[in-house]
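# Structural features, examined
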Amino acid sequence: MKTEFSTRTSSPLLVFLCIMNLFLCLSPMQVLGAAPFAGMGYCSVPPSGGSGVKANLLLMIDNSASMYDPAYADPSTFCVDDGYDTKNTRGYPGYFEEEITYAYDFTGEKFAPSSVKLPFGCNVIDKDYLCVSMSIDRKVVKFMGSGRFLNWLSMSKLDIEKQVLTGGKFISTQDGSSGMLLPETRGCQGRRYLKMVSEAPQLTFAVRGP
């Protein structure tokens, strides 16, 4: 029996086989158009972490007596500090807003925000961060300072800690209509902590005892 192949019939079959062979040479990803696997995220929950366990936070707070020491002090000196940055290159966070000027109310014995712009013509020291005037009998009659300077002058470590956690120690008036933040400090290990500024060596500051 003699078998013959028709050229007209075998040519389309040959072309089809060549095309199939070409597809087999390609990768399956290219044929199906699938994107490469990106891998797993680094923030996946650990498999050994268990289920239903909430995050836990351990907060340790120092409430020792040393927390009543000044927050801004020079550790190389003992109970004396003249390290205030008069060039305003660093900040002193605290109860007072650093960019606001405060004036001392001698009647109410407290600092209150003032619209006065320093310097203001004081006779003892007159700078953009501190203004102090004294009378002939050497009594302070005017005391104004920037919030930045007052924070350096009065804040204790405990004040900063309370400000971060609760906003600070707040005392209200008897009727509850207003109040103020109250700094707490013991000076230097229970003694009067002395502070001064290099631009006014004749002026010193200390914690007033009870």
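Cut-offs applied
- Residues numbered from 1 in each chain as written.
- Predicted model: local features only at pLDDT ≥ 70, side-chain atom pairs only at ≥ 80, totals over all residues.
- Heavy atoms only, no water.
- Helix = DSSP H or I, 4+ residues; strand = E, 2+ residues; numbered from the N terminus.
- Pairing = 2+ DSSP bridges.
- Disulfide = S-S within 2.5 Å.
- Buried < 20%, exposed > 50% of the residue type's maximum accessible area, 1.4 Å probe, protein only.
- Core = buried A, V, L, I, M, F, W, Y, C linked by side-chain atoms within 4.5 Å.
- Contact = heavy atoms within 4.5 Å.

Residues apart from glycine generally show negative phi values, whereas peptide bonds are mostly found in trans. Here the bond from Leu118 into Pro119 is cis, since omega is 0°, no more than 30 degrees from zero. The residue Pro119 is located in the loop between strand E3 (110-114) and strand E4 (125-126) in this model. The backbone of Asn88 shows a phi angle near 60°, a positive value even though the residue is not glycine. Tracing the chain through its elements places Asn88 in the loop between strand E1 (80-81) and strand E2 (101-105).

This next bit is on the pairing of strand E6 (residues 140-146). Sheet topology places E2 next to E6; 3 bridges connect them, and they run antiparallel. Note on E6: the bridge partner recorded for Ala103 is Met144.

All right, on to the state of the cysteines then. Summed over the entire model, instances satisfying the criterion amount to 1 disulfide. One disulfide bridge connects Cys122 with Cys131, the sulfur atoms lying 1.6 Å from each other. Measuring handedness by torsion sign, the sulfur bridge of Cys122 and Cys131 sits at about 75° and is right-handed. The class of Cys122 is buried, set by a relative accessible area of 9%.

The next thing to look at is the nonpolar core. Counting residues in hydrophobic clusters, the biggest one holds 21 residues, and the most contacted among them are Ile125, Leu130, Phe149, Val197 and Leu203. Listing elements by their share of this core, those giving two or more residues are strand E5 (130-134), helix H3 (147-154) and strand E10 (200-205). Not counting chain neighbours up to four residues away, the residues in contact with Phe149 comprise Tyr84, Tyr129, Leu130, Val197 and Phe205.

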